[in-house]
Each structure stands twice: as structure tokens, then as C-alpha cells.
There are 4 protein chains.
Amino acid sequence: MSLAVGVIGAGVMGSEHARILREATPGAHLSGVCDADVARARQAAGGVWVTTDALELIRSDRTDAVVIAAPDITHASLVLACIEQGKPVLCEKPLATTAAEARGVVEAEIKASRRLVQVGYMRRFDPAYAEMKRLKDEGAIGSPLILHNVHRNPVVPTWFAGPMSVTNAFVHEIDASRWLLGSEMVSAHVRSLGAGDPLLITMETDRGEVVSTEVFMNCGYGYHVHAELVGQKGTLQTITPRLVTENLSGFSRGTYPDNWIPRFRNAYIAQLDQWVKSIRSQLPGEGASAWDGYLTTKIADEIVAAMANGVDAKLVPEAVPALYR
Amino acid sequence: MSLAVGVIGAGVMGSEHARILREATPGAHLSGVCDADVARARQAAGGVWVTTDALELIRSDRTDAVVIAAPDITHASLVLACIEQGKPVLCEKPLATTAAEARGVVEAEIKASRRLVQVGYMRRFDPAYAEMKRLKDEGAIGSPLILHNVHRNPVVPTWFAGPMSVTNAFVHEIDASRWLLGSEMVSAHVRSLGAGDPLLITMETDRGEVVSTEVFMNCGYGYHVHAELVGQKGTLQTITPRLVTENLSGFSRGTYPDNWIPRFRNAYIAQLDQWVKSIRSQLPGEGASAWDGYLTTKIADEIVAAMANGVDAKLVPEAVPALYR
Amino acid sequence: MSLAVGVIGAGVMGSEHARILREATPGAHLSGVCDADVARARQAAGGVWVTTDALELIRSDRTDAVVIAAPDITHASLVLACIEQGKPVLCEKPLATTAAEARGVVEAEIKASRRLVQVGYMRRFDPAYAEMKRLKDEGAIGSPLILHNVHRNPVVPTWFAGPMSVTNAFVHEIDASRWLLGSEMVSAHVRSLGAGDPLLITMETDRGEVVSTEVFMNCGYGYHVHAELVGQKGTLQTITPRLVTENLSGFSRGTYPDNWIPRFRNAYIAQLDQWVKSIRSQLPGEGASAWDGYLTTKIADEIVAAMANGVDAKLVPEAVPALYR
Amino acid sequence: MSLAVGVIGAGVMGSEHARILREATPGAHLSGVCDADVARARQAAGGVWVTTDALELIRSDRTDAVVIAAPDITHASLVLACIEQGKPVLCEKPLATTAAEARGVVEAEIKASRRLVQVGYMRRFDPAYAEMKRLKDEGAIGSPLILHNVHRNPVVPTWFAGPMSVTNAFVHEIDASRWLLGSEMVSAHVRSLGAGDPLLITMETDRGEVVSTEVFMNCGYGYHVHAELVGQKGTLQTITPRLVTENLSGFSRGTYPDNWIPRFRNAYIAQLDQWVKSIRSQLPGEGASAWDGYLTTKIADEIVAAMANGVDAKLVPEAVPALYR
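Residues numbered from 1 in each chain as written. Chains lettered and ligands numbered in written order. Predicted model: local features only at pLDDT ≥ 70, side-chain atom pairs only at ≥ 80, totals over all residues. Heavy atoms only, no water.

Moving on, we come to the pairing of strand E7 (residues 144–152) of chain C. Residue and element names in this part refer to chain C. Burial within E7 is extensive, with nine of its nine residues counted as buried. Across eight bridges, the pairing between E7 and strand E11 (residues 224–231) is antiparallel. Within E11, the residue paired with histidine 151 across the bridge is valine 225. When E7 meets strand E10 (residues 210–216), the two strands line up parallel, connected through seven bridges. Pairing of valine 150 across the sheet is with glutamate 214, part of E10. (Buried < 20%, exposed > 50% of the residue type's maximum accessible area, 1.4 Å probe, protein only. Helix = DSSP H or I, 4+ residues; strand = E, 2+ residues; numbered from the N terminus. Pairing = 2+ DSSP bridges.)

The following block contains the structure:
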């Protein structure tokens, strides 16, 4: 039976998830869309049921599983409602706007004794990141030493300030680094340039690896994400996905997209595909768990607090609850 | 309702089609597999119905649509059986082993007054080829002038001789060139090196464009397909899909796959996806029609005949039957 | 003692040679410049002797060796004057405007029993071409089979017609292919698109190798020269020399130059350097000899004649005179 | 008149300088070589005068200018001897093994009221670095914000410990960053991995730019130097100089050299060329002055001291003496 998936939130990301569910997710179909703006919900729904009531969508018999792409502030409570209903949920990052709230989700899941939550850190499903992990796990470059990340976005509004670069953008590197290295972060140092953009953030792991990241929200030229993993014997660099080289106007050139959606289109598709498959097979997937989502939010919070105090963040790894081992 | 697809042939390609139908084709599912070798059929089937009788599979109520990946010699008759049943069929290339047989399929389809046949020229669905076509159609490089193709395969058995390089490999460039340029081929010149490998084949189109192709079946180093489209204002080159760059052992390097399946994995997936969507929507897709399949086989036949005679092939474009316009 | 070099012709190429001799040629210095336009000569001379009389420059005691960059029509007679004076001469390509004239130069050199002439086919000194040859000679790719060349120029005046693409541009590929492969050309086939631009030219060698070249004088986007040598075990591709990648304005991009001078700057420098070293050491260099210059002009002439007649050019290799073996 | 240059030290670097002076430096010639090992001196000399007495070489009438490539410990005293003789000197980096000694050289030059010293920080002459600087100076990327450097070496002996990565390798980034940005460093933070290799070093400039460098002396795969300059509007990345791409053995690949000499061959040639031209023209060149050499050594010393104390280095810019403004 095809999995009936309801999407909450019909903004840019929610519409993209709805589209993927309608067009590109074997074993599942879009069964409903919820948005406060009914017209927007209808557009994303492509004919299926729409509602303005998120809890109605979560509780409905028409919904086997839920994708949450509503405003960040609503994430934790909507996820909790899904857990209450015993329904699998894929929640766009972040899991919650505070570590305490995220922790509440973890506790609820532990209480339910069942993993129902996946957090939408889609880099884990990006083909380049996945191949980098595969080769590293095979030992191609020996033990990892340094992970260099570049996370550039062409432009953000002026209200998008330094802390948001951490809580909104850098969270991807927090999750991807933990996943890629299989290590926990133990410290973070932030160097802020100009009016808070770009940031240079250096984290250390419990194995002594270093994760060095440039986060630049107004880089001007395009959306550009890059990673290089340096090991004892060699390095692996992600290739920016491009289809053609243009020889035009004096240049040999390849385009950068404007934002993360085209850059990570295949990652979003693979993420939903794997999520659906893990639900149907009742096997845990590669996706970020509620625990991962909690830790990422907690680390981001601690980094922002340390930035405010002008000190390094000390990150104390916590024991992993049995449910997530 | 999900489309029930039966696959005939459980060799390398048939198994790959079956796997994609099982795992990666929204709106469709694998409903049966036919192979003379039952064990092989079972392995590809992953639990669904298997049979050794292709006609049984085609006629069965369990089959809404058919994928043919059986030996080339069987293609035409199996496709005819599908047309007789009024069932959509995706036939691996070539449509038939002779132009006359392929023409027979076209006639049957015309008689049925309905397009049911797609031929598996998957390059049309390769993301790089599709992007090249999109940019060309937008006018990015002005009018096309030359299409340079490279089609290299690491190694073939000794019985794989010159004519097979045309009928088995170069057919992809025949179809891709017609599709990409939207032109018909009017002549072909073949230059054969050594014992018949590599070949350099030059075709001219009815618009005066030139398609220049190196077909090298024993290139030694990997499976490598490349195209550059030269227009009046610039050129477009396909990028070999790669995920990571390795800095290892004295080199900065990217891998070539061993064969076409990993190289065109995304094309095969997109091909089935579009085929299913076109069946469900009853709209014609981008895929190669029976007419395309017939013309490609005919052109290949004429090139092989001309090679045998040591002359250029004169290719006389035919009027396109109404059904295919 | 530093070699005193006089340059005849102070146009674009002559000025560049004069500049290299003034600034970048160890063991030699610019001693004089000749041009009908005295002001232009003075500009190129940077303070050294100028004259409007080419024969005066050739005969002068101030001249140990001569670089000819005057109009093509004057090449042969100026080279003959140098031979008469027993002075080494580096003549810009072509050696002569007709094969007969070029042959006359060869005869004069044979009569003088001494090799004094080098023709300015500078690709032999391009670092990428030289490296390709070195690797091929080492056997890295096994026996060569196909050489693919691309020779693109952004735009030429309307009077620059089809035959000039051969006599002015394609001559570089004639010489580079003979040098790189160490083979003689035995046939050439020209396919002309549109109003004679681009051309696709296919030559075969006495070893059965094929040289396939696109010559496109109005490609629009930049000056772009590329070669790929296909051997039995692998291929070698020249890399367009670039220093930086720019991430700007939505693209990752590298520039193409406007013309051959920046593209082959290092080749021109290396050519003069090797020429000076070979004169000083009295050892033959890697440069094109009068014989090479004659053969290239002869092949180009035969190709142009065949184009006019709409037939393939049959190129009959000649026995190499003893002086050039 | 050609400049007579004597080379002190006939090890790997000295021999390379001697070779370049013999073969590739217009306006100069190798006039003498000094080494304690006479046989080694003779080999580098290629026929010119050899001596085992460095002061004899410096004082000799046969020497117009001096290149010092002797052991680091001798640099300062030999440079002082050149200043005493009023002879221009190009000293391999470092200028001295301690900041105090280097400062002594600066004082001597100031006393002589004449700039005679250039320090061999050859990156300034690397074509890719020079082009990056040219584009940055033109404003192509707006104001610089971050300079990312990678400095990797395949393997070093075990005695090559952490501090040497700074004093021997990272000094190149200190000089190149000051030159490229035109800024002074005000702080440095070192993060040491494993047994002291790799290092991640972050410096800040007096303009608030950040220079982030990975120094990895045992990276395993090859000698690899890379820089990316991030500005407000875009970034510039150096391209590793390569001549050909090899399609071989399953890969598309380009080689890394074993060490800095092939990587920076053109930089060494350009450095000597510019040094000779600046001596002959009596105009200051782009090369690192004694002041630059002093500052680099001083910064390296302060970084090493800070490493030992486990603190960040505070770097206090000094007023530039009039001679160096």
C-alpha cells in the first residue's frame, strides 16, 4: 500500500516536498496539504485535500505520515502531535527553536519507545556527501583529520544577523560533520568578520579531528556548498553538481544556483525516498533522528551563547539514550 | 492506481529495469518478470510473479505495461504482441534487428491508430543531455553547427566486430543526435581504424549540421561518453557525472565507470519515470517512438551496408507518418 | 657572446618577438628592427637600431640572426637572403605562400649544406603539447590512434574565407600533428559548413592514424585550441592554460583569451629560447625545419586545391632529403 | 652588460638557481658557485668558477650580485657581507633564523641607505598568485575578507616537527598573505592536530581580514598548494598548474608534483628574472624586501613562542622604516 503523506506548510520548502511526493516518491503519495493560506495550500496540493488546521491533518485517517515545513516556531509542537498519534514525521530542520524544546521531543519519543521522528538535514542524502562518506568508511584516505566546509549563500535580508547564520545555516555543517565523521563535537570557536558575515567556525571532535567552516550568507555570486575531508593518506572533495560546461562570452563556465533547493534537489528527493522506505520497512534509515536534531540545536544554541560572551563554546557530549544507539 | 509493469528478460539490463521499478518508479510497480532462466527471473523479481513465457506475461491481467529487455532478436515480435494487446511497451534498443522488422512495428502501431511503443534510447533522459538540449532550444549558443560525440567503452570480446559498433553502440548517437538537433541525417561516412575499432563516423543533417563521432569499444581506461554541441555563438559540453574528486597517490582524480549502467543510472530511472508518467497522463513523452526506433535501425543498417561496400551511406529522409508528427 | 637578433616586421607578431628578445631571451638581444613604417619599427625596437630596408638588416654586421614577421608574401625571399648571408633565421609561418617557393628555400638550404631555417610553428613549444608528446613517447597511452583537434578563433573579417582557414590556421595542426605523431599525412578530407566556416578536416597518416580537426574562425566566444590524443590504452588532453578560477556573477569561470598571442605566450618565449640555444650550441632543435615548413605549405596547398574540386586530397609523402633526416 | 651572478650553496635549491641563471635569465649569467663540497659546486657551475669560500665569492670582481641558497644558519651573515660590499643579494628564505638577526640585516641596509636585499619568497612571482593579486587590485571581487590557504607536502622526516612547519613552510603564507592583501597581521592562532601535523593557523590582519591556513607536511599524496581569496562580491582560486589531463586506468587525472621545485618552477624563473631586471633598472621590484623578510621571521618566531605557551600570538605591527615605504 502506498504511504499517504500529509505536508504541513506550503511555502517554498513545503511546496517542494509536496511536489516530490506527487511526482517522485515511489511507495508514497501526497494525501493532504495544510497551510494557513488556503490558496497556497491548494497550489501545493495539486488536487488533494487541503486544510488550514495542522492538527486535523496530523490526526486524519487520510494521513499515514507527516512532513513538517511550517515556520520553525511550530516544529516541536507539531512533531509532538505526530508522536502522540504514533505517526512517522519528517520535520524540516531545526527540530525546535530551543534545545530544551528539542529535548522535549526526544523525551516524548523515548516515552513512546519508538523512533518516529526524522529531521530534514538533507546533506546526508546528497550524492556527493554520501559518496564522500562511503569512501571514507572504506578507508580510502585513512583516518580523517580535518573537514573543511564552505557554506555560501548569495544574499540575505539585513535582519538575517550573525546568530541566524549559526542557527539557520551552520546547523547543516553541525549535522553533516557529526554524521560524516561519526564523531561528537567538543568545542567550537567562532570568528566573526565585518558586521557578522562571514563567520569562520572551528569545531573540534572527541577524536581530535577539526571541522573548519566558512559560513558566508552574502557571498554575492551564488549558492555554493563545498566540503573537503582531509585524511592521513589523501583528501576527498565534493564536486558541485553541474550538467554542462558553457563556452560562451569569453569564458568556460558552469553555473551556481541561486539557493539550496536546486543545489540539493536530488538530496531532497533521496531524503523523502529513504524516509518512505524506512517507514515501509520499519528499519531505521540514514536520516537525522530526533536525537541528532536535538544535539544540533543544542550545539547551535551553545555556539550562539558563546559568541554573545566572546568565548569558545565548550560542548559536552551526552550519553546517547538507548533508543538512538 | 499504480501501473503494473512486467519485465521480459532478467539479464543485466532487465534486472536493472526491474530494480528501478521496484525501488524508484513512482506511480508504477513491478508485477512480473519473464526469463527462460527461472532462477534469474526470481532474483530480478524480488518476490513478484515470474514466468518463462513472454506472451503469457504480455497477455496477463497482472500486466498493464511491458518492459522488454530480452535478446535483440525477440524485440520486434514481443513489441508486436504488446501492440496486439493494446499495452504500452518500453523496448530496449534496438526496436528490431532489421529495418524491415522495425518498419513492421511502425505499421502495426499505425494500424492500431495509437502510440504504444517507446524505445529505450535513454540518453534523451540523461540530465546532461537534457540540459544541453534545453539550453540549445533556448538559443544559448545560436544555431547548432557541429555535434562532437565520443563513445568509449573499456573492452569488448573479440567477436564484437566493426558492424556491431554501429548497430549496438553508435545507434545511441544516431538517436541522440536526431533528438538533440531536431534534424534528420542525410549521409554518413565511416572511417575504420586498425581491425575496425575505433570508428570515426561523420553524419550530415538535412540542415547542414555535422555530427562527428568517435566510437571506441576497446579504449582501455573506462566507460566514457561525451558530447559537445558547437553553435554560432558558443558551445555546450556534457560533464561526466562525478561526485567527488580524490587527491590520492600523486593525482587529483575522478573515476570512470566500467560500463553504461552506472554512467546512465539516472537516465534509466528518469526514462522509466517519464514513461510511466506519459502512460498515466496519456500524453506523448520525450522518449524515442517506434518511428524513431525504426529510423535509427534503418540508418544503422544503411551505414553497415555502406561500410561493407566502402562507400558513404546516403540516407534519404522519409515523410513522417501522421501518427508520429 | 649574446646573439644579436634583428626582427623584420613590427606588426603584432613582430612586436611580440621583439619584446621577447628584449625582455625574455637569455643569450640573445634585440639588435635591430625593420619595418616600412618607421614609427612602428621604433616602438618595437625599444631604443635599438631601426631600418626600413630588410636586406640591410639581414646583411648588417649588427645582425647575427634574423626573425621574420613581415607579410607572408615576403617570407621566402627574405629567408633566401638570410641563407645567402649564412645567417640563422626564424621565419613566422608560413615559410612561403606557395609550395614551389617553399621548395626553393629547401633547395637553397640543401645547396648551402647547412640548416639555417626554422619556421615559427610554435605549438611544438607549447608546454601542454610538449608534455603530451613526452608522455606519448614514453608509451603512456600505447600506440596513438586518433588525434582530435579543435582550433577556434572568436571572429575574423569577412574577407577571411575558407581557403585561408586552411593556409592560415589549419597549418598549425598540419605541423603539430606531423611532429606529435612522427607520421606523414597521406590524405585529407575537408567538410565545409555554412559559408565555409567551420571546417571539419580529417587526415590520415602513413601509419593509419587519423587526425580530426575542427577549424572555426568565428566561434564567437574566445580563442580556444584543444587537442586530445587517443591511444590504445588511454588518452591525453591538453589543458587550456589558466591561472585562476573566478567565482563571480553566478558562475564558476575561467577566461579564454581573444587571440593566439596570450594563449601561446609561453610557447613563443620557449620557441625563441630554444632557437637561440640551438644556434649557440649548433645543435638542431625541436623547431620546424625548412623541410617541415615546405611540407606544411604543400599539404595546405593540396588541401585547398582538393576543396576547390570537391575531392579528397591525396598526399604523397616525399623522401626526406639527407639534410633533414 | 650582463649581470654576473654568484650562487652560494649548491644543494637542491642552489643548483636550481644556478641552472636558471645559466639557462633562463636574460640579462644575467652565472659567474661563480660556492659550496663546501667542491664536486657539488662544480656540478652546479656548469663550467664557471667555483670556490669553497663564500666571502671570496661575495667580494670577487667576478660577482656583480649574489644568490644565497646556503644553510639557513648562514643567511644573515652572508647577506650582511653582501651589503658591506654594496652588492645586490637574493637570499633564499628565511632571511635569518631569528628575528633579532633579521632585524640586524634591516639595520645594516638602512645604514647603507640603499636597498640591496631581496628575500626568496617566490610565491609573489607564481603566475597564479600574481594573477589573483592583479584581479583583486582591479576590484574584481570587492574588498577581501578571507584568504584560505592549503599548504601540503607529501612527507617529511620525523625530526621535522611542529615548529618547523611554521618556520619552514608557513612562512610562505605569512609573506604571501601580507603581499597579496597589502595588510599587516595582528594575531595568530594555531591549532595542532595529532603529533603536530597538520596545523590549522588563523591570522587576523589590521583590516580585519582573516587568513586561514592548513599546513600539512605529511599529506601523503603530493605537493599541493592552493589559495582562495574571498571578497565581498566573489572569490578567486588558484589553479594548480597542469599541462594535460590523462584518461588512464579508470580515472581522469592530473598529477601533483613531489615537491615545491616543479610546482614553483615558473615562480623561481620569474623571481630571478625580476630580480635581475630590478637591479639593472635600479627600480624596486615586487620581491620581498629585507623588511618583509624580517617581519616574516618575526611573526613566525612569535607564533612558535605562542604555540609553546598554548596561547594566541599577538602581533604588533611596527612602523615601516622610510627605506621600505
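Feature annotation in UniProt places "domain: GFO/IDH/MocA-like oxidoreductase" (unreviewed entry) on residues 129–236 of chain A, given in this structure's numbering. The span residues 129–236 of chain A is 27% helix and 38% strand, and its two end C-alpha atoms sit 10 Å from each other. (UniProt positions renumbered as here; feature names shortened; annotations may be inferred.)

Attention shifts here to the sheet that holds strand E5 (residues 89–91) of chain C. Residue and element names in this part refer to chain C. In spatial order, the strands read E3-E2-E1-E4-E5-E6-E15; together these seven strands make up an open sheet with mixed pairing. The two strands at the open ends of the sheet, each matched to only one other strand, are strand E3 (49–51) and strand E15 (288–289). Strand direction decides the pairing type here: strand E4 (residues 65–68) and E5, joined by three bridges, are parallel. In the sheet register, valine 67 faces E5, and the bridge partner there is leucine 90. Set on the sheet, helix H1 (residues 12–23) makes contact with strand E1 (3–8), strand E2 (28–34) and E4; between it and E2 the angle comes to about 150 degrees. (Contact = heavy atoms within 4.5 Å. Axes fitted to C-alpha atoms, helices over the stretch in contact; angles between N-to-C directions.)

Turning next to the packing of aromatic side chains. Residue and element names in this part refer to chain A. According to the stated counting rule, one finds 24 aromatic pairs over all chains in the structure shown. Ring geometry for tryptophan 159 against phenylalanine 160: centres 6.3 Å apart, planes inclined by 45 degrees, an arrangement best described as tilted. The class for phenylalanine 160 is buried, based on a relative accessible area of 14%. An aromatic cluster of at least three residues, connected via ring pairs, comprises Tyr223, Trp260 and Phe264. In this structure, arginine 263 packs its charged tip against the face of phenylalanine 264, placed 4.3 Å from the ring centre. (Phe/Tyr/Trp six-rings, centres within 6.5 Å; stacked < 30°, edge-to-face > 60°. Lys NZ or Arg CZ within 6 Å of the ring centre and 35° of its normal.)

Before going further, it helps to spend a moment on the state of the cysteines. Residue and element names in this part refer to chain D. Overall, the coordinates contain zero disulfides over all chains when judged by the stated rule. Free of any disulfide, cysteine 34 has its nearest neighbouring cysteine sulfur in cysteine 82, separated by 11 Å. Exposure remark for cysteine 34: the relative accessible area of 4% places this residue in the buried category. (Disulfide = S-S within 2.5 Å.)

Moving on: the packing of helix H5 (residues 99–112) of chain C against helix H10 (residues 290–309) of chain C. All names here are of chain C. Relative orientation of the contacting elements H5 and H10 amounts to 165 degrees, with a least axis distance of 8 Å. Comparing their axes, H10 and H5 come out roughly antiparallel. Classified by chirality, the crossing of H10 by H5 is left-handed. Across from Ala99, Ala102, Arg103, Val105, Val106 and Glu109 in H5, the residues of H10 making contact are Ala290, Trp291, Tyr294, Thr297, Lys298 and Asp301. Per-class residue counts for the contact of H5 with H10 are seven nonpolar, one polar and four charged. (Parallel < 35°, antiparallel > 145°, perpendicular 65-115°, else oblique. Left-handed = near helix turned anticlockwise from the far one by under 90°. Nonpolar A, V, L, I, M, F, W, Y, C, P; charged D, E, K, R; others polar.)

Turning our attention to the domain arrangement of chain A. Residue and element names in this part refer to chain A. Examined at the domain level, chain A breaks down into domain 1 (3–121 + 281–289) and domain 2 (124–266 + 296–314). Using C-alpha coordinates to define each centre, domain 1 is positioned 26 Å away from domain 2. Contacts between domain 1 and domain 2 engage 18 residues on the former and 15 residues on the latter. Roughly 1300 Å² of surface becomes buried between domain 1 and domain 2 when both sides are summed, with 54% attributable to carbon and sulfur atoms. Our count for the contact surface shared by domain 1 and domain 2 stands at one salt bridge. Glutamate 16 serves as the salt-bridge partner of arginine 265, at 3.3 Å between the closest nitrogen and oxygen. Counting the contacts that link domain 1 with domain 2 gives six residue pairs in polar contact (both at pLDDT 80 or more). Counting residues per element, the ones that place at least two in the side of domain 1 that touches domain 2 are helix H1 (12–23) and helix H5 (99–112). (Domains from an automatic or database assignment. Buried area = accessible area lost by both parts, 1.4 Å probe. Salt bridge = Lys/Arg side-chain N within 4 Å of Asp/Glu carboxyl O. Polar contact = N/O pair within 3.5 Å; in protein donor to acceptor, adjacent residues only side chain to side chain.)

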